[in-house]
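# Residue-level structure breakdown
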2 protein chains.
Amino acid sequence: MTTEVKPSPRERLLEAAAALTYRDGVGIGVEALCKAAGVSKRSMYQLFESKDELLAASLERRTSAYAAALLPAADGDGSPRQRILHVFEQVETQSGAPEFHGCPFLAAQIELKDPGHPASRVARQVKENLTAFFRAEAERGGAKDPSLLARQLSLVFDGGSARAGIGADELTGLLAPTVITLLDAAGVR
Amino acid sequence: MTTEVKPSPRERLLEAAAALTYRDGVGIGVEALCKAAGVSKRSMYQLFESKDELLAASLERRTSAYAAALLPAADGDGSPRQRILHVFEQVETQSGAPEFHGCPFLAAQIELKDPGHPASRVARQVKENLTAFFRAEAERGGAKDPSLLARQLSLVFDGGSARAGIGADELTGLLAPTVITLLDAAGVR
(Lines give C-alpha, C1' and ligand atoms only; values in the text may rest on other atoms or scores of the structure.)
Protein backbone atom coordinates (compact mmCIF):
# COMPACT_ATOMS: atom_id res chain seq x y z
CA MET A 1 0.00 0.00 0.00
CA THR A 2 1.40 3.37 -0.97
CA THR A 3 0.68 6.54 0.84
CA GLU A 4 0.56 9.66 -1.28
CA VAL A 5 0.82 12.99 0.41
CA LYS A 6 -1.14 15.56 -1.55
CA PRO A 7 0.79 18.80 -1.92
CA SER A 8 -0.50 21.63 0.27
CA PRO A 9 -2.42 24.56 -1.27
CA ARG A 10 0.70 26.67 -0.81
CA GLU A 11 2.84 24.19 -2.72
CA ARG A 12 0.23 23.82 -5.45
CA LEU A 13 0.11 27.61 -5.88
CA LEU A 14 3.90 27.86 -6.05
CA GLU A 15 4.03 25.08 -8.61
CA ALA A 16 1.25 26.56 -10.75
CA ALA A 17 2.82 30.04 -10.63
CA ALA A 18 6.22 28.69 -11.69
CA ALA A 19 4.80 26.57 -14.51
CA LEU A 20 2.27 29.06 -15.88
CA THR A 21 4.45 32.18 -15.75
CA TYR A 22 7.23 30.25 -17.49
CA ARG A 23 4.86 29.08 -20.20
CA ASP A 24 2.62 32.15 -20.58
CA GLY A 25 4.46 35.06 -18.98
CA VAL A 26 4.18 37.06 -15.78
CA GLY A 27 0.94 38.64 -16.97
CA ILE A 28 -0.96 35.44 -16.13
CA GLY A 29 -4.06 36.26 -14.08
CA VAL A 30 -4.75 35.35 -10.47
CA GLU A 31 -7.91 33.48 -11.56
CA ALA A 32 -5.90 31.23 -13.89
CA LEU A 33 -3.26 30.58 -11.22
CA CYS A 34 -5.84 29.66 -8.60
CA LYS A 35 -7.74 27.47 -11.06
CA ALA A 36 -4.59 25.58 -12.05
CA ALA A 37 -3.65 25.10 -8.40
CA GLY A 38 -7.18 24.12 -7.36
CA VAL A 39 -7.15 26.79 -4.66
CA SER A 40 -9.71 29.53 -4.05
CA LYS A 41 -8.71 33.17 -4.46
CA ARG A 42 -9.60 33.70 -0.83
CA SER A 43 -7.13 30.98 0.21
CA MET A 44 -4.49 32.39 -2.09
CA TYR A 45 -4.70 35.80 -0.47
CA GLN A 46 -4.50 34.16 2.95
CA LEU A 47 -1.24 32.49 1.90
CA PHE A 48 0.32 35.30 -0.14
CA GLU A 49 -0.04 39.03 0.28
CA SER A 50 -0.29 39.58 -3.46
CA LYS A 51 0.30 37.96 -6.84
CA ASP A 52 3.69 39.71 -6.85
CA GLU A 53 4.66 37.92 -3.64
CA LEU A 54 3.44 34.60 -5.06
CA LEU A 55 5.60 35.10 -8.17
CA ALA A 56 8.62 35.96 -6.06
CA ALA A 57 8.11 32.91 -3.83
CA SER A 58 7.64 30.64 -6.86
CA LEU A 59 10.95 31.82 -8.35
CA GLU A 60 12.65 31.49 -4.97
CA ARG A 61 11.43 27.91 -4.73
CA ARG A 62 13.01 27.03 -8.11
CA THR A 63 16.39 28.39 -7.09
CA SER A 64 17.97 25.25 -5.63
CA ALA A 65 16.75 22.95 -8.41
CA TYR A 66 18.00 25.44 -10.99
CA ALA A 67 21.47 25.61 -9.44
CA ALA A 68 21.59 21.83 -9.00
CA ALA A 69 20.67 21.27 -12.66
CA LEU A 70 23.33 23.69 -13.95
CA LEU A 71 26.30 23.72 -11.62
CA PRO A 72 28.84 20.95 -11.02
CA ALA A 73 29.04 19.56 -7.48
CA ALA A 74 30.69 22.08 -5.15
CA ASP A 75 33.18 19.44 -3.94
CA GLY A 76 33.49 17.77 -7.35
CA ASP A 77 36.74 17.46 -9.22
CA GLY A 78 37.38 18.75 -12.71
CA SER A 79 39.38 21.77 -13.76
CA PRO A 80 37.86 25.26 -13.67
CA ARG A 81 37.63 25.05 -17.45
CA GLN A 82 35.68 21.79 -17.26
CA ARG A 83 33.45 23.12 -14.49
CA ILE A 84 32.59 26.21 -16.54
CA LEU A 85 31.92 24.15 -19.65
CA HIS A 86 29.68 21.86 -17.58
CA VAL A 87 27.19 24.72 -17.06
CA PHE A 88 26.93 25.35 -20.79
CA GLU A 89 26.55 21.65 -21.57
CA GLN A 90 23.62 21.55 -19.14
CA VAL A 91 21.85 24.50 -20.72
CA GLU A 92 22.49 23.07 -24.17
CA THR A 93 20.79 19.84 -23.10
CA GLN A 94 17.89 21.68 -21.42
CA SER A 95 17.32 23.80 -24.51
CA GLY A 96 16.49 20.69 -26.54
CA ALA A 97 13.22 20.18 -24.65
CA PRO A 98 10.13 21.39 -26.56
CA GLU A 99 8.89 23.27 -23.48
CA PHE A 100 12.15 25.23 -23.12
CA HIS A 101 11.55 29.00 -23.13
CA GLY A 102 14.98 30.15 -21.96
CA CYS A 103 16.17 31.01 -18.47
CA PRO A 104 13.12 31.67 -16.25
CA PHE A 105 15.07 34.18 -14.16
CA LEU A 106 16.09 36.24 -17.17
CA ALA A 107 12.58 36.08 -18.67
CA ALA A 108 10.96 37.22 -15.41
CA GLN A 109 13.19 40.30 -15.24
CA ILE A 110 12.62 41.19 -18.90
CA GLU A 111 8.88 40.79 -18.54
CA LEU A 112 8.48 42.60 -15.24
CA LYS A 113 10.59 45.58 -16.37
CA ASP A 114 10.88 46.68 -12.77
CA PRO A 115 14.10 45.96 -10.87
CA GLY A 116 12.26 46.71 -7.63
CA HIS A 117 9.58 44.02 -8.13
CA PRO A 118 10.00 41.29 -5.48
CA ALA A 119 10.26 38.61 -8.20
CA SER A 120 12.89 40.65 -10.09
CA ARG A 121 14.94 40.87 -6.92
CA VAL A 122 14.86 37.08 -6.48
CA ALA A 123 15.74 36.54 -10.14
CA ARG A 124 18.60 39.03 -10.06
CA GLN A 125 20.14 37.28 -7.06
CA VAL A 126 20.04 33.92 -8.84
CA LYS A 127 21.83 35.34 -11.86
CA GLU A 128 24.37 37.11 -9.66
CA ASN A 129 25.13 33.76 -8.04
CA LEU A 130 25.82 32.26 -11.46
CA THR A 131 28.18 35.12 -12.34
CA ALA A 132 29.90 34.63 -8.97
CA PHE A 133 30.39 30.93 -9.77
CA PHE A 134 31.96 31.86 -13.13
CA ARG A 135 34.15 34.44 -11.44
CA ALA A 136 35.44 32.03 -8.79
CA GLU A 137 36.26 29.39 -11.41
CA ALA A 138 37.86 32.00 -13.69
CA GLU A 139 40.09 33.07 -10.82
CA ARG A 140 41.03 29.49 -9.93
CA GLY A 141 41.74 28.86 -13.60
CA GLY A 142 44.18 31.75 -13.81
CA ALA A 143 42.11 34.05 -16.04
CA LYS A 144 43.87 37.30 -16.89
CA ASP A 145 40.75 39.28 -15.94
CA PRO A 146 38.40 36.98 -13.98
CA SER A 147 35.77 39.65 -13.60
CA LEU A 148 35.58 40.32 -17.35
CA LEU A 149 35.47 36.60 -18.15
CA ALA A 150 32.63 36.07 -15.66
CA ARG A 151 30.64 38.89 -17.28
CA GLN A 152 31.31 37.45 -20.74
CA LEU A 153 30.19 33.99 -19.68
CA SER A 154 27.00 35.40 -18.14
CA LEU A 155 26.34 37.30 -21.34
CA VAL A 156 26.80 34.14 -23.43
CA PHE A 157 24.61 32.18 -21.02
CA ASP A 158 21.79 34.71 -21.21
CA GLY A 159 22.11 35.39 -24.93
CA GLY A 160 22.18 31.69 -25.72
CA SER A 161 19.25 30.73 -23.54
CA ALA A 162 17.19 33.70 -24.74
CA ARG A 163 17.80 32.90 -28.39
CA ALA A 164 17.12 29.19 -27.94
CA GLY A 165 14.06 30.02 -25.85
CA ILE A 166 12.43 31.97 -28.69
CA GLY A 167 13.57 29.46 -31.31
CA ALA A 168 15.95 31.92 -32.99
CA ASP A 169 18.86 29.50 -32.80
CA GLU A 170 20.00 26.16 -31.48
CA LEU A 171 22.76 25.96 -28.93
CA THR A 172 24.48 22.88 -30.36
CA GLY A 173 27.65 23.85 -32.16
CA LEU A 174 27.30 27.42 -30.86
CA LEU A 175 27.72 27.61 -27.09
CA ALA A 176 30.76 25.35 -26.70
CA PRO A 177 32.92 26.98 -29.43
CA THR A 178 32.01 30.44 -28.13
CA VAL A 179 32.85 29.62 -24.53
CA ILE A 180 36.07 27.83 -25.52
CA THR A 181 37.20 30.87 -27.52
CA LEU A 182 36.58 33.14 -24.53
CA LEU A 183 38.30 30.74 -22.10
CA ASP A 184 41.32 30.44 -24.41
CA ALA A 185 41.57 34.21 -24.83
CA ALA A 186 41.41 34.65 -21.05
CA GLY A 187 44.11 32.02 -20.55
CA VAL A 188 41.94 29.66 -18.49
CA ARG A 189 43.36 26.18 -18.45
CA MET B 1 4.47 80.77 -39.42
CA THR B 2 4.93 77.07 -38.92
CA THR B 3 2.44 74.46 -39.95
CA GLU B 4 2.22 71.40 -37.74
CA VAL B 5 0.54 68.34 -39.12
CA LYS B 6 -1.07 66.39 -36.31
CA PRO B 7 -0.29 62.68 -36.61
CA SER B 8 -3.23 60.57 -37.75
CA PRO B 9 -5.07 58.28 -35.29
CA ARG B 10 -3.32 55.34 -36.95
CA GLU B 11 0.10 56.90 -36.40
CA ARG B 12 -0.75 57.85 -32.83
CA LEU B 13 -1.81 54.27 -32.09
CA LEU B 14 1.36 52.84 -33.62
CA GLU B 15 3.48 55.25 -31.61
CA ALA B 16 1.65 54.53 -28.35
CA ALA B 17 1.84 50.77 -28.90
CA ALA B 18 5.58 50.92 -29.58
CA ALA B 19 6.31 53.14 -26.59
CA LEU B 20 4.04 51.45 -24.05
CA THR B 21 4.85 47.85 -24.91
CA TYR B 22 8.54 48.68 -24.75
CA ARG B 23 8.14 50.31 -21.36
CA ASP B 24 5.49 48.07 -19.80
CA GLY B 25 5.41 44.87 -21.82
CA VAL B 26 3.11 43.29 -24.40
CA GLY B 27 0.44 42.71 -21.76
CA ILE B 28 -0.54 46.39 -21.91
CA GLY B 29 -4.32 46.71 -22.27
CA VAL B 30 -6.24 48.07 -25.25
CA GLU B 31 -7.80 50.73 -23.00
CA ALA B 32 -4.39 52.07 -22.00
CA LEU B 33 -3.16 52.08 -25.60
CA CYS B 34 -6.23 53.95 -26.85
CA LYS B 35 -6.04 56.43 -23.97
CA ALA B 36 -2.37 57.18 -24.63
CA ALA B 37 -3.07 57.62 -28.35
CA GLY B 38 -6.18 59.71 -27.77
CA VAL B 39 -8.20 57.37 -29.98
CA SER B 40 -11.48 55.60 -29.18
CA LYS B 41 -11.57 51.81 -28.99
CA ARG B 42 -14.11 51.86 -31.80
CA SER B 43 -11.66 53.76 -34.02
CA MET B 44 -8.84 51.44 -33.05
CA TYR B 45 -10.81 48.40 -34.14
CA GLN B 46 -11.67 50.14 -37.41
CA LEU B 47 -7.94 50.65 -38.06
CA PHE B 48 -6.59 47.34 -36.73
CA GLU B 49 -8.23 43.94 -36.66
CA SER B 50 -6.94 43.23 -33.17
CA LYS B 51 -4.43 44.32 -30.56
CA ASP B 52 -2.11 41.62 -31.93
CA GLU B 53 -2.18 43.25 -35.37
CA LEU B 54 -1.54 46.66 -33.80
CA LEU B 55 1.50 45.29 -31.95
CA ALA B 56 2.82 43.71 -35.14
CA ALA B 57 2.34 46.93 -37.12
CA SER B 58 3.99 49.00 -34.38
CA LEU B 59 7.07 46.74 -34.45
CA GLU B 60 7.09 46.77 -38.24
CA ARG B 61 7.07 50.58 -38.18
CA ARG B 62 10.17 50.67 -35.93
CA THR B 63 12.14 48.43 -38.26
CA SER B 64 13.76 51.03 -40.51
CA ALA B 65 14.69 53.38 -37.69
CA TYR B 66 16.14 50.43 -35.75
CA ALA B 67 18.30 49.33 -38.67
CA ALA B 68 19.37 52.91 -39.40
CA ALA B 69 20.40 53.42 -35.77
CA LEU B 70 22.47 50.23 -35.63
CA LEU B 71 23.91 49.46 -39.04
CA PRO B 72 26.63 51.35 -40.91
CA ALA B 73 25.65 52.88 -44.27
CA ALA B 74 25.21 50.16 -46.91
CA ASP B 75 27.55 51.99 -49.28
CA GLY B 76 29.87 53.22 -46.51
CA ASP B 77 33.53 52.38 -46.34
CA GLY B 78 35.24 50.68 -43.41
CA SER B 79 36.45 47.12 -43.15
CA PRO B 80 34.05 44.29 -42.28
CA ARG B 81 35.61 44.27 -38.82
CA GLN B 82 34.91 47.98 -38.37
CA ARG B 83 31.38 47.61 -39.72
CA ILE B 84 30.63 44.79 -37.29
CA LEU B 85 32.10 46.71 -34.36
CA HIS B 86 29.99 49.73 -35.38
CA VAL B 87 26.80 47.83 -34.51
CA PHE B 88 28.07 47.03 -31.03
CA GLU B 89 29.23 50.60 -30.44
CA GLN B 90 25.72 51.77 -31.29
CA VAL B 91 24.02 49.40 -28.89
CA GLU B 92 26.55 50.30 -26.20
CA THR B 93 25.64 53.97 -26.63
CA GLN B 94 21.89 53.25 -26.69
CA SER B 95 22.15 51.18 -23.52
CA GLY B 96 23.33 54.23 -21.58
CA ALA B 97 19.88 55.86 -21.83
CA PRO B 98 17.78 55.51 -18.66
CA GLU B 99 14.77 54.35 -20.70
CA PHE B 100 16.76 51.51 -22.33
CA HIS B 101 15.09 48.12 -21.78
CA GLY B 102 17.09 46.06 -24.26
CA CYS B 103 16.25 45.14 -27.84
CA PRO B 104 12.49 45.63 -28.40
CA PHE B 105 12.40 42.80 -30.95
CA LEU B 106 13.98 40.30 -28.57
CA ALA B 107 11.76 41.43 -25.67
CA ALA B 108 8.59 41.08 -27.76
CA GLN B 109 9.44 37.49 -28.68
CA ILE B 110 10.34 36.56 -25.11
CA GLU B 111 7.14 38.11 -23.77
CA LEU B 112 4.77 36.76 -26.40
CA LYS B 113 6.14 33.19 -26.10
CA ASP B 114 4.42 32.34 -29.37
CA PRO B 115 6.48 32.19 -32.56
CA GLY B 116 3.25 32.28 -34.57
CA HIS B 117 2.06 35.62 -33.12
CA PRO B 118 2.07 38.28 -35.86
CA ALA B 119 4.33 40.54 -33.76
CA SER B 120 6.75 37.64 -33.10
CA ARG B 121 7.00 37.06 -36.83
CA VAL B 122 7.89 40.71 -37.48
CA ALA B 123 10.44 40.66 -34.65
CA ARG B 124 12.02 37.43 -35.82
CA GLN B 125 12.52 38.85 -39.32
CA VAL B 126 14.27 41.93 -37.93
CA LYS B 127 16.69 39.79 -35.95
CA GLU B 128 17.29 37.50 -38.91
CA ASN B 129 18.23 40.57 -40.95
CA LEU B 130 20.81 41.50 -38.32
CA THR B 131 22.29 38.00 -38.38
CA ALA B 132 22.38 38.20 -42.20
CA PHE B 133 24.28 41.49 -41.97
CA PHE B 134 26.83 39.88 -39.61
CA ARG B 135 27.12 36.89 -41.92
CA ALA B 136 27.75 38.97 -45.03
CA GLU B 137 30.42 41.03 -43.27
CA ALA B 138 32.00 37.89 -41.77
CA GLU B 139 32.24 36.40 -45.22
CA ARG B 140 33.72 39.57 -46.73
CA GLY B 141 36.17 39.70 -43.83
CA GLY B 142 37.41 36.17 -44.50
CA ALA B 143 35.98 34.47 -41.41
CA LYS B 144 36.83 30.78 -41.21
CA ASP B 145 33.20 29.93 -40.51
CA PRO B 146 31.04 33.00 -41.37
CA SER B 147 27.83 31.30 -40.33
CA LEU B 148 29.16 30.42 -36.86
CA LEU B 149 30.57 33.93 -36.37
CA ALA B 150 27.24 35.49 -37.36
CA ARG B 151 25.42 33.30 -34.81
CA GLN B 152 27.99 34.20 -32.14
CA LEU B 153 27.64 37.91 -32.83
CA SER B 154 23.83 37.68 -32.68
CA LEU B 155 24.15 35.83 -29.37
CA VAL B 156 26.43 38.53 -27.97
CA PHE B 157 24.11 41.25 -29.27
CA ASP B 158 21.05 39.70 -27.64
CA GLY B 159 22.79 38.67 -24.43
CA GLY B 160 24.33 42.11 -24.04
CA SER B 161 21.20 44.08 -24.73
CA ALA B 162 19.09 41.80 -22.53
CA ARG B 163 21.50 42.11 -19.60
CA ALA B 164 21.86 45.87 -19.98
CA GLY B 165 18.09 46.18 -20.41
CA ILE B 166 17.41 44.61 -16.99
CA GLY B 167 20.29 46.46 -15.37
CA ALA B 168 22.30 43.27 -14.74
CA ASP B 169 25.40 44.67 -16.40
CA GLU B 170 26.79 47.59 -18.34
CA LEU B 171 28.03 47.12 -21.86
CA THR B 172 31.05 49.41 -21.60
CA GLY B 173 34.21 47.37 -21.36
CA LEU B 174 32.25 44.20 -22.08
CA LEU B 175 30.86 44.16 -25.62
CA ALA B 176 33.93 45.40 -27.49
CA PRO B 177 36.45 42.99 -25.90
CA THR B 178 34.04 40.08 -26.39
CA VAL B 179 33.38 40.88 -30.04
CA ILE B 180 37.08 41.51 -30.74
CA THR B 181 37.99 38.13 -29.24
CA LEU B 182 35.44 36.39 -31.47
CA LEU B 183 36.54 38.32 -34.58
CA ASP B 184 40.19 37.49 -33.88
CA ALA B 185 39.43 33.82 -33.35
CA ALA B 186 37.46 33.74 -36.61
CA GLY B 187 40.31 35.43 -38.44
CA VAL B 188 38.29 38.50 -39.49
CA ARG B 189 40.55 41.36 -40.44
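Refer to the structure printed above.
Residues numbered from 1 in each chain as written. Chains lettered and ligands numbered in written order. Predicted model: local features only at pLDDT ≥ 70, side-chain atom pairs only at ≥ 80, totals over all residues. Heavy atoms only, no water.

## Focus: the relation of the copies chain A and chain B
Superposition record for chain A on chain B: RMSD 0.0 Å, screw rotation 180 degrees, translation along axis 0.0 Å. Taken together, the rotation angle and the small translation identify this as a two-fold axis. Measuring from the rotation axis to each C-alpha of chain A, the shortest distance belongs to A:Gly159, at 1.7 Å. A share of 100% of the interface residues of chain A reappears at the interface of chain B, consistent with the copies meeting face to face through the same patch. (Least-squares fit on C-alpha atoms with pLDDT ≥ 70 in both. Contact = heavy atoms within 4.5 Å.)

## Some points on the environment of A:Phe105
With respect to the element layout, A:Phe105 can be found in helix H6 (residues 104–112). As a C-alpha pair, A:Phe105 and A:Ser120 span 15 residues in sequence and 7.9 Å in three-dimensional space. (Helix = DSSP H or I, 4+ residues; strand = E, 2+ residues; numbered from the N terminus.)

## Focus: the interface of chain A and chain B
At the junction of the two partners, chain A supplies 35 residues and chain B supplies 35 residues. Each partner contributes to the roughly 3000 Å² buried at the junction of chain A and chain B, and carbon and sulfur atoms together form 66% of this total. When the buried area of chain A at its contact with chain B is split by residue, A:Lys113, A:Leu155 and A:Ile166 rank highest and sum to 24% of it. For the interface between chain A and chain B, the tally reads six salt bridges. With a shortest N-O distance of 2.7 Å, B:Glu111 and A:Lys113 are connected by a salt bridge. On the surface where chain A and chain B come into contact, there are 12 residue pairs in polar contact (both at pLDDT 80 or more). Taken together, the elements giving at least two residues each to the side of chain A that touches chain B come down to helix H1 (9–24), H6, helix H8 (146–165) and helix H9 (175–186) of chain A. The dominant element in the side of chain A that touches chain B, judged by the number of residues it contributes, is H8(A), at 11 residues. Across the side of chain A that touches chain B, the residue classes tally to 14 nonpolar, 12 polar and nine charged. (Buried area = accessible area lost by both parts, 1.4 Å probe. Salt bridge = Lys/Arg side-chain N within 4 Å of Asp/Glu carboxyl O. Polar contact = N/O pair within 3.5 Å; in protein donor to acceptor, adjacent residues only side chain to side chain. Nonpolar A, V, L, I, M, F, W, Y, C, P; charged D, E, K, R; others polar.)

## Some points on the packing of aromatic side chains
The geometry of an aromatic ring pair is captured by the separation of the ring centres together with the interplanar angle, meaning the angle of the planes. Counting across every chain of the model gives eight aromatic pairs over all chains. Aromatic side chains A:Phe133 and A:Phe134 sit 5.9 Å apart centroid to centroid with 55 degrees between the ring planes, which places their arrangement in the tilted category. By relative accessible area, A:Phe133 is classed as buried at 12%. With a centroid separation of 6.2 Å and 65 degrees between ring planes, the pair formed by B:Phe88 and B:Phe157 is classed as edge-to-face. One end of the pair, B:Phe88, is in helix H5 (residues 80–94); the other, B:Phe157, is in helix H8 (residues 146–165), with 69 residues separating them in the sequence. Both residues of the pair, B:Phe88 and B:Phe157, count as buried. (Phe/Tyr/Trp six-rings, centres within 6.5 Å; stacked < 30°, edge-to-face > 60°. Buried < 20%, exposed > 50% of the residue type's maximum accessible area, 1.4 Å probe, protein only.)

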